[in-house]
Amino acid sequence: MIKPSLLTKLQQIQERFAVVEGLLSSPDAANDLQQFRALSKERADLAPVVEHFGELQKSERDLKEAETWLTDPDLKDFGQEESLRLKKLLEDQVVELQRLLLPKDPNDGKAILLEIRAGTGGDESALFSGDLLRMYLRFAERNRWRTEMLSASESDLGGYKEVIVRFEGSDVYSKLKFESGGHRVQRVPATEAQGRIHTSACTVAVLPEADELAEVVFSPDELRIDVFRASGAGGQHVNKTESAVRITHLPTGIVAECQDDRSQHKNKDKAMKVLAARVRDRELAAMQQKEASARKLMVGSGDRSERIRTYNFPQGRITDHRINLTLYKIDQIMDGDMFELTEALSAEHQAELLSSLGDES
């Protein structure tokens, strides 16, 4: 019923759980608070696996007992029924244990920086950037997430050439991590006099917010910090002081700038957040590229050059090309009702992980 490699893994987890419980119950466990927190988290992560493994072991014992009844004429029919029921139960328990053993994404609980950039299509692409931003902000409201605008470069006719927003709340990265990639729109622009459908595109990047202390450490000689006067809309406060900040990470050439706040200090803090996330994202992308050579996960590839979704307004449909899903509810989705879309992507990703786990077992 259960593969030897999976059984070995479960037995190792069971043994480790016993060790962790022993360490946590020792009299001096709370002396080192950092280790105590780490052990408590490890125990919480292992507990569901150990609990389900215990239930599976009980089902295996019950099945062996039920099979002994098959030789007893009085219990044979009942033994057959019980054997069938327990075999089905064991199959379900193995699937659930495999799901629990799937590798956890360490970024799932993090806040994110969501970047939207206008691409091909000029003004219409910038307008679509604004529509995508509204969609994500409405989705954030539905999830009760907090949002903060970090940087925005508006276009002349509305919308954004580029916009960066920070999202914070429960499962933010987990729900939005599959949004990275090319988003294509097909519709009749408001400026189109002859009613022709135009195609334009935007790029979305979802970056888990880096913990600057733990994950990204910059030495002063790696950074070039430039200050300049803000440009664009802003009335009397524009160009009066050098409050805008641009930070360049010299080893990689990655740049982040912010000019939205009147305070140079706040702009610097925001730009540093963006820079740290971008540098960390490049490191993660390099690691994922190595993993992809061994195992290609279709949904989770995160390739920004890939066209992942088409928004066709005349037909009222949205198509996600990675999982061949088409939904005829474009108005609801653009108003932030993205749940069916994000859940389908997560389910497909989990199915791929289960498949790869089976290949490795």
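All of the points below concern the structure found in this document.

## Concerning the nonpolar core
Here is step 1: The biggest cluster of nonpolar side chains holds 30 residues, and the ones touching the most others in it are Leu114, Ile116, Leu132, Tyr136, Phe167, Leu176 and Tyr311.
Here is step 2: No other element matches the 7 residues that helix α4 (residues 122-143) contributes to this core.
Here is step 3: Other than its neighbours up to four places away in sequence, tyrosine 311 contacts Phe128, Leu132, Met135, His183, Arg184, Val185, Gln186, Arg317, Ile318, Ile330 and Met334.
Here is step 4: Leu150, Leu223, Ala271 and Val274 belong to the second largest nonpolar core, which has 19 residues in total.

## Some thoughts on the environment of alanine 29
Here is step 1: Along the chain, alanine 29 falls in the loop between α1 (4-24) and α2 (33-68).
Here is step 2: Accessibility expressed as a relative area gives 15% for alanine 29, which makes it buried.
Here is step 3: Counting along the chain gives 10 residues from alanine 29 to leucine 39, while the straight-line C-alpha distance between them is 9.5 Å.

## Quick look at the packing of α2 against helix α3 (residues 76-100)
Here is step 1: The contact between α2 and α3 brings their axes to 9 Å, and the two run at 160 degrees. Considering their axes alone, α2 and α3 lie roughly antiparallel with respect to each other. In terms of crossing hand, the pair formed by α2 and α3 is left-handed. From α2, Pro48, Val49, His52, Phe53, Glu55, Leu56, Ser59, Glu60, Asp62, Leu63, Ala66 and Glu67 reach across to α3, where they touch Gly79, Glu82, Ser83, Leu86, Lys87, Leu89, Leu90, Gln93, Val94, Glu96, Leu97 and Leu100.
Here is step 2: Along the lines of polarity and charge, the residues of the contact of α2 with α3 split into 12 nonpolar, 5 polar and 7 charged.

## Brief notes about the packing of aromatic side chains
Here is step 1: Tallying each qualifying case throughout the model produces 5 aromatic pairs.
Here is step 2: For the pair tryptophan 69 and phenylalanine 78, a centre-to-centre distance of 5.4 Å together with 20 degrees between the ring planes defines the contact as stacked.
Here is step 3: Assessed through its relative accessible area of 44%, phenylalanine 78 is described here as partly exposed.
Here is step 4: Ring-pair connections join several aromatic residues into one group, and the members of that group are Phe139, Trp145, Phe167 and Phe339.
Here is step 5: In this structure, arginine 187 is placed above the aromatic ring of phenylalanine 313, and the distance from its NZ or CZ to the ring centre is 5.0 Å.

The rules behind the values
Numbering of residues begins from 1 in every chain and follows the order in which that chain's sequence is written. pLDDT decides what is reported in this predicted model: residues at 70 or higher carry local features, side-chain atom pairs at 80 or more are listed and counted, and totals for whole chains, interfaces and linings draw on all residues regardless. Side-chain numbers come from the whole structure's heavy atoms, not from hydrogens or water. Definition of nonpolar core: a set of buried residues of the types Ala, Val, Leu, Ile, Met, Phe, Trp, Tyr and Cys, connected through side-chain atoms within 4.5 Å. Summary of the burial criterion: residues with accessible area below 20% of their type's maximum are buried, those above 50% are exposed, and those between are partly exposed, where the area comes from a 1.4 Å probe applied to protein chains only. In this description a helix means any DSSP run of H or I spanning at least four residues, a strand means any run of E spanning at least two, and both kinds are numbered starting from the N terminus. In what follows, residue pairs with any heavy atoms lying within 4.5 Å of each other are defined as contacts. Convention adopted: a line fitted to C-alpha atoms gives each axis, helices being fitted over their contacting stretch, and angles between N-to-C directions are expressed from 0 to 180 degrees. Any angle that is under 35 degrees is reported as roughly parallel, and any over 145 degrees as roughly antiparallel; angles of 65 to 115 degrees are reported as roughly perpendicular and all others as oblique. Each helix crossing is assigned a hand: it is left-handed if the near helix lies turned anticlockwise from the far helix by less than a right angle, otherwise right-handed if that turn is clockwise. Each residue gets one label: Ala, Val, Leu, Ile, Met, Phe, Trp, Tyr, Cys and Pro are nonpolar, Asp, Glu, Lys and Arg are charged, and the others, such as Gly, are polar. Put simply, two rings from Phe, Tyr or Trp (the six-membered ring, in Trp's case) pair if the centres are within 6.5 Å, and we call them stacked under 30 degrees between planes, edge-to-face over 60, tilted for the rest. Only when the NZ atom of a Lys or the CZ atom of an Arg is both within 6 Å of the ring centre and within 35 degrees of the ring normal do we say a charge sits over the ring.

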